[in-house]
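Coordinate analysis (summary)
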Amino acid sequence: MNSLIRFAAVVPALCAFAGASSQNHPLTPQEGEVTIINPSATRSDSGLTVINIYNIFLQNAPKSHKKSGVPNFAIEGKNKKFYLGIGGTAKATLSYDWGDPIDNGFNFTTSSIPMNPRKGDGGLVQFSAATSGLYLNFVALPGDKNQLGVYIDFNLTGNSYGFDLQYAYIKYRGFTAGYDYSLFSDMAAAPPSIDNEGPCGFTAIPNGVLDYRHSFGQHWSLGVGVEMPMVSATTGEKTYVVNQRVPDIPAYVQYSWGGGKSWLRFSGIVRNMLYRDEIADKNRDQVGWGVKMSGSASLTPLVTAYYQAAYGEGITSYFQDLYEGGLDMVPDGSGRLKAVKAWGGYFGLQYNISPKVYATTTYSHLRNYAHDYSGGSTAWDSQYKYAQYALANVIWQISPHLSTGLEYIYGRRVDMSGLSHHDNRIQTMLQVTF
């Protein structure tokens, strides 16, 4: 299948700033201070552009509430030609699961609920510091039309606390190139949680990207990109997934209001999934597509809503609960593969109890419609059918750099056979950001 990839436009970075700031998470402070550790009191600033250092770091940072991305201190380059900041997070969680425990102390992933649990394993205590990490935020030529940003972030993830790259991208004139969350992910619309994973129906997947974003005035913005293809299929006896040739193509248009604290984003994605038909001895393809509505809205000064609804065919790789779950395509009974329909979403409310304390409630649902098949690499009966995820928490921001909280999560997974298992988790955290 031929792929047509069309996008080209370049605008000054300063013009794009309004659109970028409108996508910040509602919990992200819009103002702050960055301490320069090597200020030059003798250098004349005459003729130099006055810039807001906090804002240029914020512009270059990820939009997730789990990553502040704005350091507390930075190094200033000669003649203020660049700023380099290093920051990080130290996060410790203690949790207790009961029901059918998920053996993961930092990600509550409903697709990982054990469907054949052992007798006697009905409870599990877990401690984790796995989402602790460091980041580097670098901005050159701040305030100039050729402003260049580099951001690198890693966590110490897993039971062995190994290096886990989270972000590694370059930003220039509206373009983002590198390793970032897909343009089909609206990361600023994530409801706050101690759980690192979040809602099962959230389209929050990191990927290799080449994206472009642009804003039009104070309210409208758009984005389009070409990204690495991600195909996860359940193959039949005479089929297998081959090397992919065509990038995935996501795009969105967004309307913001309330100074960027509220927005509604409409997204779409088109993908071409290639596989081998051994009976016909030829490659075949399936077209995948998806549409999504997402955003956040400040309903009152005390209540903020977070929402997402997504639907499509062959897009299960973009739902974090089904990432690499083998459900983009399944056998169709004639020796070929067929794209699977799926939908998922969530709705969350944040209640601002006081300036330092807030509570969140969230519900999420994800479902796919893989038709009955036989002879697949995963039996149809044991395939994931749908999952539910519910969360309630209270978070106390003790100081700008120290927070704690208490959270309850319920998750339920149901397979195509009707087999159902669930997990409950109560957890607490202590987190320091710097």
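As shown above, the structure is provided for reference.
Remember, predicted model here, so these are calculated numbers, not experimental data.

**Focus: the overall build of the chain**
Each helix and strand in the chain was counted, giving 2 helices and 22 strands. Scaling as 2.2 N^0.38, a compact globule of 434 residues should have a C-alpha radius of gyration of about 22 Å, and the chain matches this with 23 Å. Here the C-alpha coordinates of the chain stretch approximately 75 × 55 × 40 Å along the principal axes. Counting all 434 residues of the chain, 51% fall into the buried class. Contacts spanning at least 24 positions in sequence make up 66% of the contacts within the chain whose residues lie at least 6 apart.

**Overview of the side chain of Ser296**
Inspection of the secondary structure puts Ser296 in strand β14 (residues 282-300). We classify Ser296 as buried; its relative accessible area is 0%. Only 2.9 Å separates the side chain of Ser296 from the backbone oxygen of Ala305, close enough to count as a polar contact. If we skip the residues at most four places from it in the chain, Ser296 touches Pro26, Lys261, Ser262, Trp263, Thr304, Ala305, Tyr306 and Tyr307.

**Some points on the pairing of strand β19 (residues 357-368)**
In terms of burial, β19 is a largely internal element, 10 of the 12 residues being buried. Here strand β18 (residues 341-354) runs beside β19; their pairing, made up of 12 bridges, is antiparallel. Counterpart to Tyr346 in the pairing with β19 is Ser364. A loop of 2 residues connects β18 with β19, the two strands running antiparallel in sequence.

**Considerations on helix α2 (residues 53-60)**
Residues three or four positions apart in an α-helix share a direction because the helix packs 3.6 residues into each turn. Most of α2 sits inside the fold, with 7 of its 8 residues counted as buried. Listing the buried residues of α2 in full gives Ile53, Tyr54, Ile56, Phe57, Leu58, Gln59 and Asn60. Its side-chain oxygen at 3.1 Å from the backbone nitrogen of Tyr54, Asn52 defines the N-terminal cap of α2.

**Let's talk about the nonpolar core**
Of all hydrophobic cores here, the largest spans 27 residues; its most connected members are Phe319, Leu327, Val330, Leu366, Ala370, Tyr384 and Tyr389. The contact partners of Tyr389, leaving out residues within four places of it in the chain, are Phe108, Thr110, Asp195, Gly198, Pro199, Cys200, Thr362, Tyr363, Ser364, Ile409 and Tyr410. The next biggest cluster of nonpolar side chains, apart from the first, holds 14 residues, and it includes Ala190, Phe202, Trp263 and Tyr346.

**What to know about unusual backbone geometry**
What you tend to see is this: most non-glycine residues have negative phi, and most peptide bonds are trans. Non-glycine residue Asn79 carries a positive phi angle of around 60°. Examined against the element boundaries, Asn79 turns out to sit in the loop between β2 (73-76) and β3 (82-99). One non-glycine residue with positive phi stands out, namely Lys80, at about 55°. Note on placement: Lys80 falls in the loop between β2 and β3. The exposure class assigned to Lys80 is partly exposed, which follows from its relative accessible area of 25%.

**Remarks on the packing of aromatic side chains**
Here the structure, examined in full by the defined rule, presents 16 aromatic pairs. Summarising the aromatic geometry, the rings of Phe202 and Tyr346 are spaced 5.4 Å apart at their centres and angled 85° between planes, so their arrangement reads as edge-to-face. One end of the pair, Phe202, is in the loop between β8 (175-181) and β9 (206-216); the other, Tyr346, is in strand β18, with 144 residues separating them in the sequence. For the pair formed by Phe202 and Tyr346, the shared burial category is buried. Taken together, the ring pairs connect Tyr135, Tyr151, Tyr167, Tyr169 and Tyr181 into an aromatic cluster. One Lys or Arg, Arg265, reaches over the ring of Tyr252 and ends 3.8 Å from the middle of that ring.

**Observations regarding the pattern of salt bridges**
The tally for this structure, following the rule as stated, stands at 9 salt bridges. A salt bridge links Arg284 to Asp277; its shortest N-O distance comes to 2.7 Å. Taking the relative accessible area as the measure of exposure, Asp277 reaches 4% and is therefore buried. Put simply, Arg413 and Asp415 hold a salt bridge, and the shortest N to O gap is 2.8 Å. Among the residues examined, Arg413 registers a relative accessible area of 12% and is labelled buried.

**Looking at the side chain of Asp97**
The residue Asp97 is located in strand β3 in this model. At a separation of 2.7 Å, a polar atom in the side chain of Asp97 contacts the side chain of Arg425. Beyond its immediate stretch of four places on either side in the chain, Asp97 contacts Ile102, Phe108, Gly122, Gly123, Leu124, Gln126, Asp423, Asn424 and Arg425.

So, how was this worked out
Residues numbered from 1 in each chain as written. Predicted model: local features only at pLDDT ≥ 70, side-chain atom pairs only at ≥ 80, totals over all residues. Heavy atoms only, no water. Helix = DSSP H or I, 4+ residues; strand = E, 2+ residues; numbered from the N terminus. Rg over C-alpha atoms; globule rule 2.2 N^0.38 Å. Buried < 20%, exposed > 50% of the residue type's maximum accessible area, 1.4 Å probe, protein only. Contact = heavy atoms within 4.5 Å. Polar contact = N/O pair within 3.5 Å; in protein donor to acceptor, adjacent residues only side chain to side chain. Pairing = 2+ DSSP bridges. Core = buried A, V, L, I, M, F, W, Y, C linked by side-chain atoms within 4.5 Å. Phe/Tyr/Trp six-rings, centres within 6.5 Å; stacked < 30°, edge-to-face > 60°. Lys NZ or Arg CZ within 6 Å of the ring centre and 35° of its normal. Salt bridge = Lys/Arg side-chain N within 4 Å of Asp/Glu carboxyl O.

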